[in-house]
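A structural walkthrough
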Amino acid sequence: MPATQMPMRYGHPEGHTDVCFDDFGSCIVTCGSDGDVRIWKDLNDDDPKSINVGERAYSCALKKGKLVTSVSNNTIQVHTFPNGVPDGILTRFTTNANHVVFNRDGTKIAAGSGDFMVKVVDVMDSSQQKSFRGHDAPVLSVSFDPKDIFLASASCDGSVKVWQISDQTCAISWPLLQKCNDVVNAKSICRLAWQPKSGKLLAIPVGNTIKLYRRETWRNELDLSDNFITLPLNVVTWSPCEKYLAAGSLNGYIVVWNVETRDCMERVKHEKGYTICGLAWHPTSRQIAYTDAEGNLGLLENVCDTNGTKSNSKVSGMRNKVYTDLFDGDDDSDNDDSDDFLNKNTEFQLTPKGRTNYEDDEDDLMLASGYSRHRNHILEDDDNSTEIALTGKHTHGEKEEKDESIHALPLTVSQRPNYDGPMPSPQQKPFQSGSTPLYLTHRFMVWNSIGIIRCYNDDQDSAIDVEFHDTSIHHATHLSNTLNYTIADLSHEAVLFACESTTELASKLHCLHFSSWDSSKEWTVDMPPNEDIVAICLGQGWAASATSALLLRIFSIGGVQKEVFSLPGPVVSMAGHGEQLLIAFHRGTGFDGDQCLGIHLLELGKKKKQILHGDPLPLTRKSYLTWVGFSAEGSPCYVDSEGIVRMLNRKLGNTWTPICNTKEHCKGKSDHYWVVGIHENPQQLRCIPCKGSRFPPTLPRPAVAILSFQLPYCQLATEKGQMEEQFWRSVIFHNHLDYLAENSYEYEESTKNQAIKEQQELLMKMFAVPATNFFQACTSQTDKIVEEKENPENTLSESPAPSAQNIENERPKTGFQMWLEENRSDILTDHPHLSQEPDIIKEGMNRFRMLSDEERKAWTNKAKGGATNEAETKKRKHPSNDNTKQREQEKPKENLKLSKKRKHLDISINQKLLAFAFKKD
């Protein structure tokens, strides 16, 4: 007998509701838009206990005497169960938490919020929290892997992600859902669920089907569907035995499948057709509790007999009726065999009727898990082989003939080997650089070095605002968006818009040419049927559009059609600057998360030529393109999702050089920089910091930040590495001057001269530093050898001392030290900028080396006997005549004059290099 549908009960006011059982199934717990949690002993309970948890409750979960709720004050609260005593707040968000669940043992909760964040919190110690950032829109639902290794989440950005809980990284992401800007606008709340014990399969409601993905391989194992489901499924739940899966839809159907056989076991329609938004399977019995969007509570009893025979016959009868026409011409025996084949071959299924736009969206997406392993709906054999496969009958002669040519027959589904190699990556959709996602109500259509175009699309208004950074170019413009323009570009000459086609209207290209010399300031072009514009750009005197027909159409800025040519693959993005046109496209299928992109670079001047001929576009592993364009000076550049900025090096065979890593400037893992412009002179990367997101909000207006460039050279902590990086960065960032000169463009000659001077100084510094170090090392070693020869007793008397200070105190002064003490004042007079002792010693060594050998030897002898003479002088004073004193006073002055004279006449090469390389401006 089929499942029994009990009469529904009023539970909460109209609005979203949620439902769950307690650990033993002794009561049903619901929450709703009135902010109350109600505890029902059973469906006939006329006086359920109510616990007020806030103004509005969005989700509830119950485990081991703890009741957690997500409420409208942006918190996850805990109450004792069944008493309902408040037990604190587990965590807070900046906006509403949309879903909360327990893990299997009740020690942790996971919650997803409208601020794009997912959190995992320890129930006993709420300070132990983990945050998962990576979604670009509000989170719809979350689900714990029963082994506490993975966490799944679905978001309004269209993605379903599986997170590694231990290191908070994303293990896999599938673009499965229709995008929207908020939970209230979502077609489905996508309550996904893991198998409750083994966790082998993750069930995700996608459109009208349930997609099941296998743990760790993340492959789409199978899909479950039913002909009666004509609107998207909203919520799924597993039976405790893991054998059955139930789902509720927007049109009020509750369907239960046997996952092993993929048969529909139960199909129940809501008595009023309301949306099913809450679904829970009883932990021990064959009951399913459900709630609808009007606040009502319902119950199904006797769901799915363990033998599974009763509902099988019901659904099988419908299938046989559908397939009857396929075998009208066969005899009875063939029909019997065919029926047996259909009943036994569970992988051969009927494609559901009532296909909707949500499924069309699925077809446009290549899932990260790759294509389905099961070719369920198609038999690729010819008529004869199909008949034999279905009936299994042939004559003796036919058998021999078939045995001889059996190798020529295609493999059947069961014979096909599973493919375990690299999986195809989802191809990146087309995008406009400097734009934010289409599903946002308020978004940037473009932000570049010229200005900003914003789009507002809500129930009250649909409009476009154009704002220029330099108001002298053109005044701000407000336009109505009646044609639903989704793509835009902006230049000094014009504003360009494009919209997709509809059932009534063709895809259009619309240009506002505000620098026109006549009154023709606006023109529109309709695309041919079945051809949609996917990317546009503006250059100097021209506009271009790439279409879904793999065509690129070029127009004059006044609207005259010019060249049309085919593209080798679907366009990802393109940009224009002056006469240059840059096109990024899919040149093939990438694998294991990598994109396979190519790049075209054309010049559309008088001599039209192609610079890059579809060359591969290098991206960071497992990344995608986020921005493509030109620097303000005209050098092609692009940015990938890992924050690596690359520029075309025209002097190195048109190769791409990394010039900046924006991730190095981010404070958190989920923070990003949204690039809006690149300048080579001055060297500036203009971008907007985005905390916890990849793009900024439109309001309040975000502030632009400036990041510095740095080439990824080795040993950047050393002086040598820094100078090498500065030199080659200067070379790369001034290549545009040679490009302008070769193409007869005007540029400031002083800029090029300054660049050459800068590069020459860097080269001299790179040469001077190692030469100076080598010279100083050699000189120091020579002085040490000379001193050891002249003062062997000093060498013999030395052993390691306890400290450097003791060494200085115990060691007698050298000749150089005595000379430096007497000549220090003269050095400071000649070089007042020398404030550090090492600099003074360095200059003193240079002067001391200029002395003659006799003078240096005299100072050394003086140092050698200085201590003895000093001691003797203290013991007794010898009278000295005036002539002796005069000679002793005049001798140092003569040495000083001699050293100064030699300084001007015999300056070393090393000193010249230092003076040039390190001179101050």
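First, a word on what this report is: a plain description of the structure on this page. (Residues numbered from 1 in each chain as written. Predicted model: local features only at pLDDT ≥ 70, side-chain atom pairs only at ≥ 80, totals over all residues. Heavy atoms only, no water.)

**Description of helix H11 (residues 815–830)**
Taking 1.5 Å of rise per residue, 16 residues should cover 22 Å, and H11 covers 22 Å from first to last C-alpha, within 8% of that figure. When the local axis directions of H11 are compared, the greatest deviation, roughly 55 degrees, occurs at asparagine 823. Looking at H11, one finds that the buried residues are Gly815, Phe816, Met818, Trp819, Leu820, Asn823, Asp826 and Ile827. (Helix = DSSP H or I, 4+ residues; strand = E, 2+ residues; numbered from the N terminus. Expected span 1.5 Å × (residues − 1). Bend = angle between axes of the 7 residues up to and from the residue. Buried < 20%, exposed > 50% of the residue type's maximum accessible area, 1.4 Å probe, protein only.)

**Topic: the pairing of strand S9 (residues 75–80)**
Judged by how many residues are buried, S9 sits mostly within the fold: five of six residues are covered. Note that strand S8 (residues 66–71) and S9 share five bridges and pair antiparallel. Residue serine 70 lies in a different strand from S9, and its bridge partner there is isoleucine 76. For S9 and strand S10 (residues 86–92), the ladder comprises four bridges, and the chain directions are antiparallel. Considered in S10, the bridge of threonine 75 is made with arginine 92. Linking S9 to S10, which pair antiparallel, is a turn of five residues; within it glycine 84 sits at a positive phi near 80 degrees. (Pairing = 2+ DSSP bridges.)

**Things to note about the environment of histidine 734**
Checked against the element boundaries, histidine 734 lands in the loop between helix H6 (719–732) and helix H7 (735–742). You can call histidine 734 buried: its relative accessible area is 12%. Between the alpha carbons of histidine 734 and lysine 752 there is a distance of 7.6 Å; along the sequence they are 18 residues apart. Look past the residues within four positions of histidine 734 in its chain and what remains in contact with it is Ala755, Glu758 and Gln759. (Contact = heavy atoms within 4.5 Å.)

**Here we look at the pairing of strand S23 (residues 233–238)**
S23 sits mainly inside the fold: six of its six residues count as buried. The pairing of S23 with strand S24 (residues 244–249) spans five bridges and is antiparallel. Across the sheet, residue leucine 233 finds its bridge partner in S24, namely serine 249. The antiparallel hairpin formed by S23 and S24 contains five residues in its connecting segment, where glutamate 242 sits at a positive phi of about 70 degrees.

**A few points about the nonpolar core**
Judged by nonpolar contacts, the single largest core of 32 residues is most densely connected at Val160, Val162, Trp174, Leu176, Leu177, Ile204 and Trp674. Of all the secondary structure elements, the ones that give two or more residues to this core are strand S16 (150–155), strand S17 (159–164), strand S18 (169–175), strand S20 (201–206), strand S30 (442–447), strand S50 (672–680) and strand S51 (683–690). (Core = buried A, V, L, I, M, F, W, Y, C linked by side-chain atoms within 4.5 Å.)

**Section: the pattern of salt bridges**
Taken as a whole and judged by the stated rule, the model has 26 salt bridges. Lysine 651 is the partner of glutamate 742 in a salt bridge, and the nearest nitrogen-oxygen pair spans 3.8 Å. Here glutamate 742, found in helix H7, pairs with lysine 651, found in the loop between strand S48 (644–649) and strand S49 (655–661); they are 91 residues apart in sequence, far enough to count as distant. On the basis of relative accessibility, which here comes to 57%, the residue glutamate 742 falls in the exposed class. The salt bridge partner of glutamate 843 is arginine 847, with a shortest N-O separation of 3.4 Å. A residue pair is termed a helical-turn pair when its members lie 3 or 4 positions apart in one helix, as glutamate 843 and arginine 847 do in helix H12 (residues 837–850) at four residues. (Salt bridge = Lys/Arg side-chain N within 4 Å of Asp/Glu carboxyl O.)

**Observations concerning the side chain of aspartate 136**
Residue placement: aspartate 136 occurs in the loop between strand S14 (129–133) and strand S15 (139–144). No salt bridge is formed by the buried aspartate 136; its nearest oppositely charged neighbour, arginine 694, is found at 5.0 Å. Not counting chain neighbours up to four residues away, the residues in contact with aspartate 136 comprise Phe116, Asp157, Tyr439, Arg694 and Phe695. (Lys, Arg positive; Asp, Glu negative; His and termini not counted.)

**Here we look at the sheet that holds strand S33 (residues 477–480)**
The four strands are arranged S30-S31-S32-S33 in an open sheet whose pairing can be described as antiparallel. The two strands at the open ends of the sheet, each matched to only one other strand, are S30 and S33. Strand-to-strand twist of the sheet, defined as the mean angle between neighbouring strand axes without regard to direction, takes the value 20 degrees. (Axes fitted to C-alpha atoms, helices over the stretch in contact; angles between N-to-C directions.)

**Here's the deal with the packing of aromatic side chains**
Applying the stated rule across the entire model yields 19 aromatic pairs. When the centroid spacing of 6.2 Å and the interplanar angle of 70 degrees are considered together, the rings of tryptophan 174 and tryptophan 218 count as edge-to-face. Within this pair, whereas tryptophan 174 is found in strand S18, its partner tryptophan 218 is found in the loop between strand S21 (209–214) and strand S22 (220–224), the two being separated by 44 residues in sequence. Note on tryptophan 174: relative accessible area 0%, which makes it buried. (Phe/Tyr/Trp six-rings, centres within 6.5 Å; stacked < 30°, edge-to-face > 60°.)

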